[in-house]
Amino acid sequence: MKVVICGAGQVGYGIAEKLASEQNDVSVIDTSPMLVNNIRDTLDVRGFVGHGAHPDVLAQAGASDADMIIAVTLYDEVNMVACQVAHSLFNVPTKVARVRAQSYLESHYRDLFSRENMPIDVIISPEIEVGEMVLRRLSLPGAMETVRFADDNVVVVGIDCHADCPVIDTPLRQLTDLFPDLKSVVVGVWRDGRIFVPHSSDMMREGDLVYVCSKRDQVRRTLGIFGHEEPEANRVIIAGGGNIGAYVARRLEGREVRTKVKIIEQSRDRAMSIADELRRTVVLHGSALDQVLLQEADVQDADMMVALTNEDEVNILSCVMAKKLGCERNLTLLNNSSYPAFAHALGIDTFVNPRQVTISKILQHVRRGRIRSVHSLQNGAAEIIEAEALETSPLVGAPLREVELSEGIRIGAIFRNGEVITPSGEDKIRANDRVVIFALAERVRQVEQMFRVSLEFF
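Residues numbered from 1 in each chain as written. Predicted model: local features only at pLDDT ≥ 70, side-chain atom pairs only at ≥ 80, totals over all residues. Heavy atoms only, no water.

*Asks:* Would you mind going over the domain arrangement of the protein with me for this structure?
*Replies:* Where interface size is given, it is often the accessible area lost as the parts come together that is meant. Here the protein is partitioned into domain 1 (2-124), domain 2 (235-357) and domain 3 (358-451). Computed from C-alpha atoms alone, the centre-to-centre distance between domain 1 and domain 3 is 28 Å. Taken together, the 13 residues of domain 1 in the interface contact 13 residues of domain 3. Carbon and sulfur atoms supply 71% of the area that domain 1 and domain 3 bury against each other, a total of about 1100 Å² over both sides. Three residues, K18, E22 and I124, lead the burial of domain 1 against domain 3; their summed loss comes to 44% of the area buried on that side. E383 serves as the salt-bridge partner of K18, at 3.3 Å between the closest nitrogen and oxygen. Looking at the side of domain 1 that touches domain 3, the elements that each hand over two or more residues are α1 (10-21), β4 (68-71) and β6 (122-124). (Domains from an automatic or database assignment. Contact = heavy atoms within 4.5 Å. Buried area = accessible area lost by both parts, 1.4 Å probe. Salt bridge = Lys/Arg side-chain N within 4 Å of Asp/Glu carboxyl O. Helix = DSSP H or I, 4+ residues; strand = E, 2+ residues; numbered from the N terminus.)

In structure tokens, the structure reads:
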């Protein structure tokens, strides 16, 4: 696949890194010579210094025979015009744009991005994607990661195994014997800096991050089995009233009457603006690093401190301070890719990486075959993929025990006619089933092949 990426910042770099590692032909455009030189020096991609919406620059980057353009510069208007030029002049088949300003995304303007007006196939809104991820973490505070598939009927959660985890040193096959009616499957384990698909004889260890694929109504029970019975957060303090913070507060106001939300915002003008907009949220003007202000916000009684400012250091320190002052748990936004490795040591319970969330959303449209959803794990070391099985798929028809899956691939759930099936060796995948699969990075291409239309089908 030939892909042109406009923007060599954190997201653009991450997408280029992922696509280049899979032997795609990638060109990256950015106005910053420093960023372009960096991406040329570190990745197997072509870099071009210039404006991503200019026809001559797009032509140099190979837009005339590109399969896809992904516009993720810092400016919405540049991203939108780049897609328009790619369509009008170069007839690029698939156009993806990152759009931050919520005004463009309001429902009564939905025709703006139609093929007749501004032909953008996929709109990525980082604020909404990250906001939804934060909301899922708030509803399941015992999970380190929460991703939903199959119309929200299947949930994949990342669960930390603490020293008091009841199932440590228990073989996976024994878990099946202990909880025969549990509709959950352990699909992956992150341990000592590497991720792998466990065998039935493998045991969980202290410090493991375990990825479990579960039927939605079994998630809380699954978390309880792993020793996480934290209640849903009803008293929430949000540090940062930017787009993400305000989005989370609005959604919490509309979702739960009993949830009490307070926002701490550094900018006085922004604080006044969101105070006028929000109905039940208390907005405090000041720094999230001000201990007196945190106490004024009743941090000692809060269930969760959520730090969503633009500065990682402020997010980390405000979460640490809140916990020291009595807050039950914390969640922080971390943009710097080097910080997550130290998050636990710094006192962070859980974090959200906006770059990874955005890249996951884009990969969903890059993957070949009948791929419906993708979520990247551990900086691309593995992926959770939801795909639709076709009649020609090698998975269809035979009992799963007879299907030869490569090491590094695990089927977590089958979604058929509105029902979730927890796979066993006797189950058979049928055409049109939606399958949720865990795959290591080096096995993703094989998963794509399983769900592509075979030429013999025509």
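*Asks:* Is there a simple way to explain the UniProt feature "domain: RCK N-terminal" (unreviewed entry) in the protein in this structure?
*Replies:* Per the UniProt record, "domain: RCK N-terminal" (unreviewed entry) is annotated on residues 1-124 and 233-352. The straight-line gap between the two end C-alpha atoms of residues 1-124 is 21 Å; of that span, 35% is helix and 22% is strand. (UniProt positions renumbered as here; feature names shortened; annotations may be inferred.)

*Asks:* What is the right way to read the pairing of strand β9 (residues 184-191) from this model?
*Replies:* The two faces of a sheet get side chains in turn, since along a regular strand they alternate between them. Burial of β9 is extensive: 7 of the 8 residues sit out of reach of the surface. By the bridge criterion, 6 bridges tie β9 to strand β11 (residues 209-215) in an arrangement that is antiparallel. When the bridges of β11 are listed, G188 appears paired with Y211. (Buried < 20%, exposed > 50% of the residue type's maximum accessible area, 1.4 Å probe, protein only. Pairing = 2+ DSSP bridges.)

*Asks:* In this structure, what is going on with the side chain of R416? I would like to understand it.
*Replies:* With respect to the element layout, R416 can be found in strand β20 (residues 409-416). Beyond its immediate chain neighbours, meaning those up to four positions away, R416 contacts I421, K428, I429, R430 and D433.

*Asks:* Any chance you could explain the pattern of salt bridges here in plain terms?
*Replies:* According to the stated counting rule, one finds 25 salt bridges in the structure shown. E22 is the partner of K18 in a salt bridge, and the nearest nitrogen-oxygen pair spans 4.0 Å. With respect to class, K18 is no different from E22; both count as buried. Residue D181 pairs with R221 through a salt bridge whose shortest N-O separation is 3.2 Å. Of the two residues, D181 is situated in the loop between α6 (172-178) and β9 and R221 in helix α7 (residues 219-225); the sequence distance between them amounts to 40 residues. Judged by relative accessible area, D181 falls into the partly exposed class, the value being 46%. Each of the salt bridges in this network shares a partner with another, and the network as a whole consists of D151, R370, R372, E386, E388 and R434.

*Asks:* Honestly, the sheet that holds strand β17 (residues 350-352) in this entry has me stumped. Any pointers?
*Replies:* Strand pairing in a sheet relies on backbone hydrogen bonds, with the paired strands running either antiparallel or parallel. In space, the 6 strands of this open sheet follow the order β14-β13-β12-β15-β16-β17, with parallel pairing throughout. Both outer strands of the open sheet, β14 (282-285) and β17, are each paired with one neighbouring strand and no more. Pairs of neighbouring strands in the sheet enclose a mean axial angle of 20 degrees, with direction left out of account. With 4 bridges joining them, strand β13 (residues 260-265) and β14 adopt parallel strand pairing. Looking across to β14, one finds that I263 is bridged to V283. (Axes fitted to C-alpha atoms, helices over the stretch in contact; angles between N-to-C directions.)

*Asks:* Hey, could you run me through the UniProt feature "domain: RCK C-terminal" (unreviewed entry) in the protein in this one?
*Replies:* Per the UniProt annotation, the sites labelled "domain: RCK C-terminal" (unreviewed entry) are residues 144-228 and 372-453. Between the C-alpha atoms that bound residues 144-228 the distance is 11 Å, and the span itself is 16% helix and 35% strand.

*Asks:* Would you mind going over the nonpolar core with me for this structure?
*Replies:* The biggest cluster of nonpolar side chains holds 43 residues, and the ones touching the most others in it are I5, I15, I70 and F451. Looking at which element gives the most residues to this core, the answer is α1, with 6 residues. Two domains each donate at least three residues to this core, and these are domain 1 (2-124) and domain 3 (358-451). Apart from residues lying up to four places away in sequence, I5 is in contact with G12, I15, A16, L19, V26, S27, V28, I29, I70 and V72. In this structure, V134, Y247, V261 and L333 belong to the second largest nonpolar core, which totals 27 residues. (Core = buried A, V, L, I, M, F, W, Y, C linked by side-chain atoms within 4.5 Å.)

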